[in-house]
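# Observations on the model geometry
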Amino acid sequence: MERALPPSTVLLVLVVALASAAARSWVVQGSAMEVLAGCLEGRVVVVDPGHGGVDPGATGKGGLIESDLVLDIARRVKSLLEEMGCRVVLTRDGDYDLAGDNPSLSLSQRKVLDMRARAALVASTAPDVLLSIHANSFPAPRWFGAQCFYRPTHPASAHLAACLQRALAEVTRNTHRRPSSNVEHYLLETATMPACTVEVGFLSNPHEERLLADAGYRDRVAWALVLGLIYFFSGQR
Ligand SMILES: [Zn+2]
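Residues numbered from 1 in each chain as written. Predicted model: local features only at pLDDT ≥ 70, side-chain atom pairs only at ≥ 80, totals over all residues.

Let us now look at the packing of helix 3 (residues 66-83) against helix 8 (residues 215-233). Packing of helix 3 against helix 8 leaves a shortest axis separation of 9 Å and a crossing angle of 50°. Between helix 3 and helix 8, the crossing angle belongs to the class labelled oblique. Crossing hand, helix 3 versus helix 8: right-handed. Along the contact surface, helix 3 presents Asp 72, Ile 73, Arg 76, Val 77, Leu 80 and Leu 81, while helix 8 presents Arg 218, Asp 219, Val 221, Ala 222, Trp 223, Leu 225 and Val 226. (Axes fitted to C-alpha atoms, helices over the stretch in contact; angles between N-to-C directions. Helix = DSSP H or I, 4+ residues; strand = E, 2+ residues; numbered from the N terminus. Parallel < 35°, antiparallel > 145°, perpendicular 65-115°, else oblique. Left-handed = near helix turned anticlockwise from the far one by under 90°. Contact = placed C-beta atoms within 7 Å.)

Looking now at unusual backbone geometry. Non-glycine residue His 51 carries a positive phi angle of around 65°. The topology assignment puts His 51 in the loop between strand 1 (44-49) and helix 3. At Ala 126, a position not held by glycine, the phi torsion is positive, near 50°. For Ala 126, the location among the structural elements is in the loop between helix 4 (107-125) and strand 3 (129-136).

Given below as structure tokens:
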């Protein structure tokens, strides 16, 4: 069951939170804090920072590494969500994979075991929502903008993707992309709860790589994901 909030209330929450962010503080006070707590309190969220260990993912020309970037954003999301009463489980909290200590495995074997271990962690946690965080890369450098991907394995995943995509557009002001189900991702295929992969931007776009290298922008991305969850759990579109 989702608890509905009027759009004006969510807008108030956004304004207060962004004002707090400008002051380098994410402490949201007064009635707005109560609204946030009421919406997210008690929710369980698994945040999956993609890659790690032997698999760094994509690397930008400026040297930003996907596995480092998405871990940083995942930690920011965790911190914000915990302030609002969520229980958050990260699938990794360092530069490692989950394939175990077996040096004879090939990279592809490690990736298979890593994905299975992440899926098992998600299943045993049984969260209300799964967010997997990645960064995009493409041969042509002109493409930019965060984008959410989902699979129809859970009927609410499309709604979750729409909420996150809306919040990313509103808060980062750097994406005109639409959610897409055109993705292959083991965690999304095996998830039994609403689940999304969020590509936070293109490391292959020099301007977006510079944005993502900035801690203030990463704060905005993290806040966008939290706002997207507020939209989702409050029944917003
Ligand atoms: Zn990735």
